[in-house]
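Below, each chain spelled out in residue letters.
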Amino acid sequence: MDTNTIGIIILLSSFVILVLLRFPIALTLVASSLLTVIYMKIPLPVIGQQMVQGMNSFSLLAIPFFILTGQIMSEGGLATRIVNFASLLVGRIRGGLAMVNSVAALFFGNISGSAVADVSSVGSVMIPMMKKKGYEADYAVGVTIASAIQGVVVPPSHNLVLYSLAAGGVSIASLFMAGVVPGFIMLISLMITSYIIARKRGYGKADPVPKSQIGGILLHGLLSLSPAVIILGGIMSGWFTATESGALACLYSFILAFVIYREAPISSIWKILTRTMRTVSMVFFLIAASASFGWILAYLQIPAMVTDLFLSISDNPLIILLIINILLLLLGAPMDMAPMILIMTPILLPVVTSFGMDPVHFGIVLILNAGIGLLTPPVGTVLFVGCAIGKVSIQQGTKAMMPFFYALLVVLLIITYIPEVVMWLPNLLVK
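Residues numbered from 1 in each chain as written. Predicted model: local features only at pLDDT ≥ 70, side-chain atom pairs only at ≥ 80, totals over all residues. Heavy atoms only, no water.

### A word on the overall build of the protein
In step 1: In terms of regular secondary structure, the protein is built from 21 helices and 0 strands.
In step 2: On C-alpha atoms alone, the protein measures out to a radius of gyration of 22 Å, which is about the 22 Å that the 2.2 N^0.38 rule sets for 431 residues.
In step 3: Reported as C-alpha extents along the three principal axes, the dimensions of the protein are approximately 75 × 45 × 45 Å.
In step 4: Out of the 431 residues in the protein, the part that is buried amounts to 55%. (Helix = DSSP H or I, 4+ residues; strand = E, 2+ residues; numbered from the N terminus. Rg over C-alpha atoms; globule rule 2.2 N^0.38 Å. Buried < 20%, exposed > 50% of the residue type's maximum accessible area, 1.4 Å probe, protein only.)

Written out as structure tokens, the structure is:
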């Protein structure tokens, strides 16, 4: 075997072994890269240079602001106001609380961009409320965790920013617009599933909202959703970059949570900043580690080999996309979302672009696959958090989630094979 072949074996085998040994994924990426360059006699400083270069992007500054905005909104009690707003919209339909759950998750995910933050905030309100109204605990968990996946696709998701970076600078504005229609299709599919289950199990409607409260609920709901409007409006109008829009949304959220509503003490800012910095540190270290790993992949020409492999299996784009979806769903079980985006993008993007798939379209397909992976063990962070909040076993939560899981798979097939669903808004609004 030649040097390149042995280098590929060292890189991939060390990565798989360390993942199976439950090493942190960022350390796994760095270790695999170091072992490979040592064998291939590449100067070690190259790894450090690639890690620094991977962080050298102004767009990355948007991620801390997006995460901090979500943390402020969560701590400041805005999840409850979003739930009330969602209840006003869909609560009077049969099985209304489950639908309220899905709508509230879409709205909150529109702000936090994080499925875990979504299930933590909305789930903490909705799961006890659903149990109190007679819904089974496992069902409340199932609909909550499935609905939280909307947050990874709808803008302004920081996962879209990660994909933009991994894909070599794909337009963030285009990615944000591309997630809108798929997000609403996900919502409709989850609501239809909820309605079918509600009729089967005999669930009723949510309590009616007193007329005297409607005005206040509308006002507070719209105020709570305004950070997303600031971010999207600023980017789409061209007035602000993603980073500047995130900063403004952060400031607005702080004023709303701590000056206007004042449900959380000002002392909780330290806790919010600590959680944000912990998350940002992990994400940024992962980005740096992925940059070095990605450079090794390119140096060993692995993306080109993968492209040739897929094209040797079939020259039919429909078959290749099906294989890619199956692969991503399988990888989503053991891999968390951010590393999956950062690792698989440079490998699979050349494959799909070889037969004309738009990188924006592929980004939404990849991110939805990674989001669905958050529902499946052994990683399944959204599943674990939801089950902990609802006090049900992983087995119970998984079984109750399955009807919604199948609905999300149908959505995945729709956005994979009907590009117009994803590309209509970007083509219409992003010049």
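### Notes on the packing of helix 9 (residues 158–166) against helix 18 (residues 359–373)
In step 1: Viewed as axis vectors pointing N to C, helix 9 and helix 18 meet at an angle of 130 degrees, and their least axial separation amounts to 10 Å. Taken together, the axes of helix 9 and helix 18 are oblique relative to one another. In this structure, the crossing between helix 9 and helix 18 has a hand that is right-handed. In contact with Asn159, Leu160 and Tyr163 of helix 9, helix 18 contributes Pro359, Phe362, Gly363, Ile364, Leu366 and Ile367.
In step 2: Its residues placed into classes, the contact of helix 9 with helix 18 shows 7 nonpolar, 2 polar and no charged. (Axes fitted to C-alpha atoms, helices over the stretch in contact; angles between N-to-C directions. Parallel < 35°, antiparallel > 145°, perpendicular 65-115°, else oblique. Left-handed = near helix turned anticlockwise from the far one by under 90°. Contact = heavy atoms within 4.5 Å. Nonpolar A, V, L, I, M, F, W, Y, C, P; charged D, E, K, R; others polar.)

### Here we look at helix 7 (residues 115–132)
Working note: α-helix, 3.6 residues per turn, so residues spaced by three or four point in the same direction.
In step 1: Under the 1.5 Å per step criterion, the end-to-end length of helix 7 is 24 Å for 18 residues, consistent within 8% with the ideal 26 Å.
In step 2: Helix geometry: helix 7 is bent most strongly at Gly123, by close to 50 degrees.
In step 3: Within the sequence span of helix 7, burial applies to Ala115, Asp118, Val119, Ser121, Val122, Gly123, Val125, Met126, Ile127 and Met130.
In step 4: Two residues or fewer past helix 7, Gly134 is found with a positive phi of approximately 100 degrees. (Expected span 1.5 Å × (residues − 1). Bend = angle between axes of the 7 residues up to and from the residue.)

### Here's the deal with the layout of surface pockets
In step 1: Of the pockets and cavities examined, the largest pocket occupies roughly 1200 Å³.
In step 2: Around the largest pocket, the lining comprises 39 residues; the ones closest to its centre are Val116, Met282, Asp336, Met337 and Thr381.
In step 3: When contributions to the lining of the largest pocket are tallied by element, the ones reaching two or more residues are helix 1 (3–20), helix 2 (25–39), helix 4 (62–75), helix 7, helix 9, helix 14 (268–299) and helix 17 (337–353).
In step 4: The leading source of residues in the lining of the largest pocket is helix 14, at 6 residues.
In step 5: Looking at the lining of the largest pocket residue by residue, the class counts come to 24 nonpolar, 12 polar and 3 charged.
In step 6: If you add up the space inside the second largest pocket, you get close to 420 Å³. (1 Å grid on protein atoms, 1.4 Å probe; cavity = no way out; pocket = protein on both sides within 12 Å on 5 of 7 lines; lining within 4 Å. Points joined across faces, edges and corners; volume = space filled by probe spheres on them.)

### As for the packing of aromatic side chains
In step 1: With the rule as written, the count across this model stands at 9 aromatic pairs.
In step 2: Ring plane angle 40 degrees and centroid distance 6.2 Å describe the contact between Phe66 and Phe176, whose orientation is recorded as tilted. With Phe66 in helix 4 and Phe176 in helix 10 (residues 172–178), the pair connects residues that are 110 residues apart, well separated along the chain. For the residue pair Phe66 and Phe176, the accessibility class agrees, reading buried in each case. (Phe/Tyr/Trp six-rings, centres within 6.5 Å; stacked < 30°, edge-to-face > 60°.)

### Some remarks on the environment of Ile272
In step 1: With respect to the helices and strands, Ile272 occurs in helix 14.
In step 2: Here the alpha-carbon distance between Ile272 and Glu75, two residues 197 residues apart in the chain, equals 7.6 Å.
In step 3: The contacts of Ile272, once residues within four sequence positions are left out, are Leu68, Gln71, Ile72, Glu75 and Phe258.

### Considering the packing of helix 16 (residues 317–332) against helix 17
In step 1: Two elements in contact, helix 16 and helix 17, have axes separated by 12 Å at closest approach and are oriented at 170 degrees. One element, helix 16, and the other, helix 17, form an angle in the roughly antiparallel class. Across the interface between the two elements, Ile320, Leu321, Ile324, Leu327, Leu328, Leu331 and Gly332 of helix 16 pack against Met340, Met344, Leu348, Val351 and Val352 of helix 17.
In step 2: For the contact of helix 16 with helix 17, the per-class residue count stands at 11 nonpolar, 1 polar and no charged.

### Description of a positive patch on the surface
In step 1: Taken together, the side chains of Arg92, Arg94, Arg199 and Lys205 make up a positively charged region of the molecular surface.
In step 2: One can find Lys205 in the loop between helix 11 (180–201) and helix 12 (211–237).
In step 3: Judged by its relative accessible area of 53%, Lys205 falls in the exposed class. (Patch = residues over 30% accessible without salt bridge, like charges linked within 9 Å, V, L, I, M, F, W, Y side chains within 5 Å. Areas by Shrake-Rupley, 256 points an atom, 1.4 Å probe, with all protein chains shown as cover. Salt bridge = Lys/Arg side-chain N within 4 Å of Asp/Glu carboxyl O. Lys, Arg positive; Asp, Glu negative; His and termini not counted. Charge placed at Lys NZ, Arg CZ, Asp CG, Glu CD.)

### Quick word on unusual backbone geometry
In step 1: In this model, Lys41 sits at a positive phi of 60 degrees, which is unusual for a non-glycine residue.
In step 2: Here Lys41 shows up in the loop between helix 2 and helix 3 (45–55).
In step 3: Looking at Lys41, the relative accessible area reads 73%, which means it is exposed.
In step 4: Positive phi, close to 55 degrees, is recorded for Lys391, a residue that is not glycine.
In step 5: With respect to the helices and strands, the residue Lys391 is situated in the loop between helix 19 (381–390) and helix 20 (394–417).

### Re helix 16
In step 1: The end-to-end C-alpha separation of helix 16 is 22 Å, in line with the 22 Å expected for 16 residues at 1.5 Å each.
In step 2: For helix 16, the set of buried residues is Ile320, Leu321, Ile324, Asn325, Leu328 and Gly332. The buried residues of helix 16 occupy an angular sector of 135 degrees when the element is viewed end-on, so they sit on one face.
In step 3: Next to the buried residues of helix 16 lie helix 15 (302–313), helix 17, helix 18 and helix 20.
In step 4: Where helix 16 starts, the residue carrying a side-chain oxygen 2.9 Å from the main-chain nitrogen of Leu318 turns out to be Asn316. (Arc of directions from axis to C-beta. Polar contact = N/O pair within 3.5 Å; in protein donor to acceptor, adjacent residues only side chain to side chain.)

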